[in-house]
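Each chain, written out:
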Amino acid sequence: MDYLAYYKLALEKVYGGEFPEMSSEEFDRRCALETVPAALKALYLALGTERICTMHTLLPIPEELFCVENMVLVQKSQDRIWAIQAKDLTEENPILQVMTEHREEADGTDIWIFANDGTTRLAVQMANLIAESARKTAELQQTVRHGFWNTVRNAFSHITRKRELLLNVLILCLLVVFIQSGISFTLVARYPKWGGLSVLFFMVLTAVPVYSIGRIYFYWNVWIHWSDNVRFTDLGDKLFLQTLEQTLQYLRWNRPDLWSAYECGSVEFNPEVALHDGPNRFCQGRYDLISDADGALYFPGFAVIRYSAKKQCSVLLRTTLDDSGCLKFLYVNDHCNWRLPKKKRLSLRSASIVKDVLTEDLTYKIGPVEDVPENLRECLKQCCSDYPSIRKAWLNPAIMDGVPVYLLTVLGDEDTELNPLLGKALELSDRPFNAAVIFDENGMENNPPLFVRNAEEKQ
């Protein structure tokens, strides 16, 4: 079966248009799994990374496809988690497992129970999920197009900033005429009813320029051009939240190398401004990043943004969803530091071991792994071998802030969970544990590892 054509047809049917494909070589480079079902790989190739829809928010990025406790998670939403058993990865279109129960034991161990109906296979489920994701997005878009308040907002949206300025000029001229002629006082003296109406009319005229000054005060740091007419909206607006999620996924799907070091403070997305213009919803955010290498950022319809090593790059973004429910970039500017959201300062803070010193803002004294009790070392070796996501581990006695501890450093993935492992180790330990998950071995060359996955398999 041609799974790629099958998915492309499903996407075209519900979203319309074409989705630029991901190349097979790019997927193979990004995915760590040795064997990937043809139906799963075709899904990623069909979706690509340029045109982002709701379906992208339901899937892990290729780098997040890895085996945990004999399961590979392939779809996660608020109410359902789907996975593939490791033994089924060799099949073209494997049967899907659905999580039926999740609980946490007293020792902190997470228990995930999966089951299957014996018939639901990956390709059909993913095609149904594509249709369902498009339907839910369309429903969100329709909820803001009806109702009394949206009708009022749509009417006011025709008053652009240029028209508002012209209206203010005309009103100020009328106010001058009113004041100079004293017509209100004359009407009050001769025709009290008309005089009262004239005073009310004067107050209404005065309120318009006051309102305009207030708008400028609140929106000056938000407007991105002269004809911009957006207003703030509720941060809980569901369409805004969907736009925010798809924007975030575009950044993650296109530059996973930056997001993998998120905990080191190399990248941050701040979507602090939710805006609307009539029925439209916008997400205005700032994409701050700093890297140890030169690079470039690509946004559809805009020029390439290049950044230099160890220099922070701050990009102001405004995004929305088009009629099909796919992400659309409206504004991209890497030279605008004063508009909301505000620029956040980032710094590179990668942990590195040099001889007997661990440096991460503070200096810690560490010793060799041989100084750790043998029973504790053997326990941690066995625990590491039971977790496929742990590729290498280092264990050292250390002095941190004058307190003796054991320092466990693990080379793993973003979802590597250390709580169950530490729970077992603490039962044998005579001091506290400090643990950290790293994503590369930079700076660890001079520190002998406690556990190496390949060496364990060879034994």
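To keep things clear, this report deals only with the structure shown in the data block. Predicted model, so just to flag it, every value in this text is computed and none were measured.

Turning our attention to the pattern of salt bridges. Inspection of the entire model under this criterion finds 19 salt bridges. For K136, the salt bridge identified is with E132, shortest N-O distance 3.9 Å. Here E132 and K136 lie together in helix 5 (residues 122-143), a separation of four residues that amounts to about one turn. Take K136: its relative accessible area is 45%, and that puts it in the partly exposed class.

Okay, a nonpolar patch on the surface next. There is a patch of nonpolar side chains on the surface, built from V188, Y191, W194, L197, V199, L200, M203 and V204 and spanning about 830 Å² of accessible area. In terms of residue count, helix 9 (residues 192-219) provides more of the nonpolar patch than any other element does, six residues in total. Within the fold, V188 resides in helix 8 (residues 183-190).

Taken together, five strands build an open sheet; the order of strands is 6-7-8-11-12 and the sheet is antiparallel. Because the sheet does not close on itself, it has two edges, and the strands there are strand 6 (231-232) and strand 12 (327-333). In terms of strand pairing, strand 11 (residues 313-321) meets strand 12 through six bridges, oriented antiparallel. In the strand pairing of strand 12, T319 is matched with F329.

This brings us to the nonpolar core. With 40 residues, the main nonpolar core has Y7, M55, L122 and M126 as its most contacted residues. Secondary structure elements with two or more residues in this core: helix 1 (3-15), helix 3 (38-47), helix 4 (54-58), strand 2 (71-76), strand 3 (81-85) and helix 5. By residue number, the principal contributor to this core is helix 3, which donates eight residues. Residues within four places of L122 in sequence aside, it is in contact with Y7, A39, L40, V74, I84, N93, P94 and L96.

What follows is about the packing of aromatic side chains. This model, assessed by the stated rule, comprises 13 aromatic pairs. Taking 5.9 Å as the distance between ring centres and 50° as the angle between the ring planes, the aromatic pair formed by F178 and F201 counts as tilted. Of the two residues, F178 is situated in helix 7 (residues 161-181) and F201 in helix 9; the sequence distance between them amounts to 23 residues. Looking at F178, the relative accessible area reads 15%, which means it is buried. Consider the rings of Y217 and F218, whose centres lie 5.2 Å apart with planes at 85°: the pair is edge-to-face. For F218, a relative accessible area of 53% puts it in the exposed group. Members of the aromatic cluster, connected to one another through ring pairs, are F27, Y44 and W253. Its end group placed over the ring of Y219, R215 keeps NZ or CZ at 5.9 Å from the ring centre. The cationic tip of R318 hangs over the ring face of F282; the distance from NZ or CZ to the ring centre is 5.6 Å.

In terms of burial, strand 11 is a largely internal element, nine of the nine residues being buried. Burial along strand 11 is two-sided: the face carrying C313, V315, L317, T319 and L321 and the face carrying S314, L316, R318 and T320 are both buried. Where strand 8 (residues 280-289) lies against strand 11, seven bridges are found, and the strand directions are antiparallel. When the bridges of strand 11 are listed, R286 appears paired with L316. Counting the residues that bridge the hairpin from strand 11 to strand 12 gives five residues, and of these G325 lies at a positive phi of roughly 95°.

Here S314 is to be found in strand 11. What makes S314 buried here is its relative accessible area of 3%. In terms of polar contacts, S314 uses its side chain to reach the side chain of R286, at 3.1 Å. Within polar-contact distance, the side chain of S314 engages the side chain of D288 at 2.6 Å. Not counting residues within four places of it along the chain, the set of residues in contact with S314 comprises R286, Y287, D288, N333, D334, N337 and K343.

Right, let's get into the environment of G17. Here G17 is to be found in the loop between helix 1 and helix 2 (24-30). Along the primary structure G17 and C283 are separated by 266 residues, whereas in three dimensions their C-alpha atoms are 24 Å apart. Once residues within four sequence positions are removed from consideration, G17 is found in contact with E12 and R51.

This brings us to unusual backbone geometry. Each neighbour pair has its own omega, and for L340 with P341 the value is -5°, a cis peptide bond. Assignment of secondary structure puts P341 in the loop between strand 12 and strand 13 (352-354).

On to helix 9, then. Count 3.6 residues to each turn of an α-helix, and residues three or four apart come out pointing the same way. Taking 1.5 Å of rise per residue, 28 residues should cover 40 Å, and helix 9 covers 41 Å from first to last C-alpha, within 8% of that figure. Within the sequence span of helix 9, burial applies to G195, S198, L205, P209, S212, R215 and Y219. Where helix 9 is buried, its residues meet helix 7, helix 8 and strand 6.

What counts and how
- Residues numbered from 1 in each chain as written.
- Predicted model: local features only at pLDDT ≥ 70, side-chain atom pairs only at ≥ 80, totals over all residues.
- Heavy atoms only, no water.
- Salt bridge = Lys/Arg side-chain N within 4 Å of Asp/Glu carboxyl O.
- Helix = DSSP H or I, 4+ residues; strand = E, 2+ residues; numbered from the N terminus.
- Buried < 20%, exposed > 50% of the residue type's maximum accessible area, 1.4 Å probe, protein only.
- Patch = residues over 30% accessible without salt bridge, like charges linked within 9 Å, V, L, I, M, F, W, Y side chains within 5 Å.
- Areas by Shrake-Rupley, 256 points an atom, 1.4 Å probe, with all protein chains shown as cover.
- Pairing = 2+ DSSP bridges.
- Core = buried A, V, L, I, M, F, W, Y, C linked by side-chain atoms within 4.5 Å.
- Contact = heavy atoms within 4.5 Å.
- Phe/Tyr/Trp six-rings, centres within 6.5 Å; stacked < 30°, edge-to-face > 60°.
- Lys NZ or Arg CZ within 6 Å of the ring centre and 35° of its normal.
- Polar contact = N/O pair within 3.5 Å; in protein donor to acceptor, adjacent residues only side chain to side chain.
- Expected span 1.5 Å × (residues − 1).

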